[in-house]
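For reference, the chains in residue letters:
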Amino acid sequence: MTGKRLGFLVVASVVVAAAFPRVVHGQRSGVEIWAATCGNCHRTQPGDRYTAKDWDAIGMHMVITARLTDAQATAVLEFLKTNAMRPEGSANGNPGSTASRPQAQRSDTAAPTPEQAAAVRKYIRELKVRR
Amino acid sequence: MTGGERTPVSRHGATAVRVRRRQLGAGASTLALLLAVTAMPFARGQPLRAQALTLTGYADFEANVEKLGSTDREFYFDNYHVNLIMLGRITGKLFAAVEVEYEHAGDEIALEYGYLGYTGLKDVRIFAGKFIVPFGRFNKDLHPTTIKKIPFRPHGFADILPQTYNDVGVWVSAAKAISDDNRIVLDGFIVNGLLGDDGAGIRSLRGNDRERADFGRDDNKAVGGRVGLEMPFVGLDLGGSVYTGKYAESSEGLGLNLTLLGVDAAYRKAGFTLRGELVRASQEASAEDMTKTGGYLEASYLIKGRVEPVLQYSAQNMPVASADLSRLALGVGFVISPASTVRLAYAVNREKSGFESDNNAIVAQFNVMF
């Protein structure tokens, strides 16, 4: 197969993919996508392993690696940041730097909303199934 | 082969001038795209400083015993990786990633990747710099060490796809939802490309030599990509990859092409994972064109989130019979934490023709992400 034919194949694939009807994501929550996707390559890392600011960078790197859509990426990053480690003394959740990590408190010191609690229960169930 | 030489660039008759014009056009378009993308944040008056900058990385330590059964048995410790990764959002849409690798206790120090990425287009990301070429799954998902379930490199992914294959160029990555749960992923790249001697082993073609003025800088670039179907809630991933580019010139000045084709698949259900990958290389050479094939199949099962037995079979068929190899590797991983693992593995190495060597191997590895 010549390079020209292969190039045509790649371009044709892009065109076919672009022709699919646009589907609005939103039926899957961030925790569901996180549980189903992130564990495919590595063990899933809990949100409170990093601060929200760290997740901004690490999460974006992982979104690129996993090839998530923007909607999926937003949902996963919101979930991780909601459950992120919080620097000591930042009751408002103001994210700290990496340097503050050793002194950081876990995010479960803050009372979760009912939606967050339900999401965490669901992801624990998912983890038991997947891992 | 220097940039100043004027030689035919294809075996199939296209004139050098016409091809050069086309390549210059492609280069100019790429440059314009990069300038437009990177200039957007500045045009909006956004400051050039990292909004989020994180230092992370991974390390592993191995005890290896090789050539088991032979009188030349080798036992050694290896500080295989201590790799530092810097990640940052420079502005809201401009992202940077750098991995500096220290391999074998610092014997090999290199930039694994270092790129700028623009993430401002819906479901599309554009990168420029040095990146791990998105061909198949094994090359792309190799690092960090914690995600590699068998410490050995499967046959086919050293001598055919020269993993880790990273290169300098432009990479466009896109994801398109085709249903609520499933998506098509597309990667396309144009890179300097593998480069070396007529008929040389593919692994020796790496090295970003087209960046160097004294060796091979020319306007021949390699292109390729991967198309994948991701069904995470079913647990199924499928993909097909291609790479093609001129890697050498014959003594008559004819371009010699290297084309790689790959397919990959993975299925996961609960703790069970089955994955495999095939790669085929078609390499033109003055003496005789060559075809090389290789692949692996790997099955693993994570028991109670702590212990993961793994079985991997890999094999390669090469033009030289003595390089036809196969390996059956059995391993087990002990999960210490979400970020660290201890792995033990035993490999039975077989030569598919000719003399059978005593070259089985054992490795014990501790790895950690930090």
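Brief notes about the overall build of chain B
Inference 1: Looking only at helices and strands, chain B has 1 helix and 16 strands in total.
Inference 2: The proportion of buried residues among the 370 residues of chain B is 41%.
Inference 3: Considering only residue pairs separated by 6 or more positions, chain B has 57% of its internal contacts joining residues 24 or more positions apart.

Considering the overall build of chain A
Inference 1: In terms of helices and strands, chain A carries 5 helices and 0 strands.
Inference 2: Counting from the amino terminus, helix and strand elements in chain A follow one another as α-α-α-α-α.
Inference 3: Across the 131 residues that make up chain A, the buried fraction comes to 39%.
Inference 4: Restricting the contact set of chain A to residue pairs at least 6 apart, pairs at least 24 apart contribute 70%.

Comments concerning the nonpolar core
Inference 1: Judged by nonpolar contacts, the single largest core of 68 residues is most densely connected at Val76(A) and Leu260(B).
Inference 2: Excluding residues within four positions of it along the chain, Leu260(B) makes contact with Phe135(B), Leu161(B), Val242(B), Tyr243(B), Val279(B) and Ala281(B).
Inference 3: Grouped together as the second largest cluster of nonpolar side chains are 7 residues, Val310(B), Ala329(B), Ala345(B) and Ala347(B) included.

With respect to the pairing of strand β2 (residues 74–89) of chain B
Within a regular strand, the side chains alternate between the two sheet faces.
Inference 1: Inspection of the sheet shows β2(B) paired to strand β3 (residues 94–103) of chain B by 9 bridges, in the antiparallel sense. The residue of β3(B) that forms the bridge with Gly88(B) is Ala96(B).

Digging into the packing of helix α3 (residues 52–66) of chain A against helix α4 (residues 70–82) of chain A
All names here are of chain A.
Inference 1: Closest axis-to-axis distance for the α3/α4 pair is 10 Å, and the angle between their directions is 150°. Comparing the axis directions of α3 and α4 gives the class roughly antiparallel. Where α3 crosses over α4, the handedness of that crossing is right-handed. In contact with Ala52, Trp55, Gly59 and Val63 of α3, α4 contributes Ala73, Leu77, Leu80 and Lys81.
Inference 2: Counted by class, the contact of α3 with α4 contains 6 nonpolar, 1 polar and 1 charged residues.

Observations regarding the confidence of the model for chain B
A low pLDDT means the predicted coordinates there should not be read in detail.
Residues and elements named next belong to chain B.
Inference 1: Counting all residues, the mean pLDDT for chain B is 86, and 85% of those residues have values of 70 or more.
Inference 2: pLDDT under 50 marks residues 1–14. Its contacts with residues more than four places away, or in other chains, come to 24 contacts.
Inference 3: As scored by the predictor, the complex reaches a pTM of 0.79 and an ipTM of 0.78.

Focus: the packing of helix α2 (residues 30–37) of chain A against α4(A)
All names here are of chain A.
Inference 1: Here α2 crosses α4 at 100°, and the two axes come no closer than 7 Å. By the angle class used here, α2 and α4 are roughly perpendicular. In this structure, α2 uses Gly30, Val31, Ile33 and Trp34 to contact α4, whose residues at the interface are Gln72, Ala75, Val76, Glu78 and Phe79.
Inference 2: Among the residues forming the contact of α2 with α4, the class breakdown is 6 nonpolar, 2 polar and 1 charged.

Let's talk about the interface of chain B and chain A
Inference 1: At the interface, 48 residues of chain B touch 36 residues of chain A.
Inference 2: Grouping the amino acids of the side of chain B that touches chain A by side-chain chemistry returns 22 nonpolar, 15 polar and 11 charged.

Let's talk about the environment of Gly129(B)
Residue and element names in this part refer to chain B.
Inference 1: As for its position among the elements, Gly129 is in strand β5 (residues 124–132).
Inference 2: By the C-beta count within 10 Å, which is 17 here, Gly129 ends up partly exposed.
Inference 3: Separated by 15 residues in sequence, Gly129 and Gly114 have C-alpha atoms that sit 6.0 Å apart.
Inference 4: What Gly129 contacts, discounting residues up to four positions off in sequence, is Gly114, Tyr115, Leu116 and Val168.

Observations regarding the pairing of strand β7 (residues 183–191) of chain B
Residue and element names in this part refer to chain B.
Inference 1: β7 sits mainly inside the fold: 8 of its 9 residues count as buried.
Inference 2: Alignment of strand β6 (residues 166–177) against β7, held across 9 bridges, turns out to be antiparallel. Directly across from Val172, in β7, lies its bridge partner Gly188.
Inference 3: Counted between consecutive antiparallel strands, the loop separating β6 from β7 contains 5 residues.
Inference 4: For β7 and strand β8 (residues 222–231), the ladder comprises 9 bridges, and the chain directions are antiparallel. Bridge pairing in β8 places Arg183 opposite Glu230.

Basis of the calculations
Residues numbered from 1 in each chain as written. Chains lettered and ligands numbered in written order. Predicted model: local features only at pLDDT ≥ 70, side-chain atom pairs only at ≥ 80, totals over all residues. Helix = DSSP H or I, 4+ residues; strand = E, 2+ residues; numbered from the N terminus. Buried ≥ 20, exposed ≤ 12 C-beta atoms within 10 Å, placed from the backbone. Contact = placed C-beta atoms within 7 Å. Core = buried A, V, L, I, M, F, W, Y, C linked by C-beta atoms within 7 Å. Pairing = 2+ DSSP bridges. Axes fitted to C-alpha atoms, helices over the stretch in contact; angles between N-to-C directions. Parallel < 35°, antiparallel > 145°, perpendicular 65-115°, else oblique. Left-handed = near helix turned anticlockwise from the far one by under 90°. Nonpolar A, V, L, I, M, F, W, Y, C, P; charged D, E, K, R; others polar. pLDDT = per-residue confidence, 0-100.

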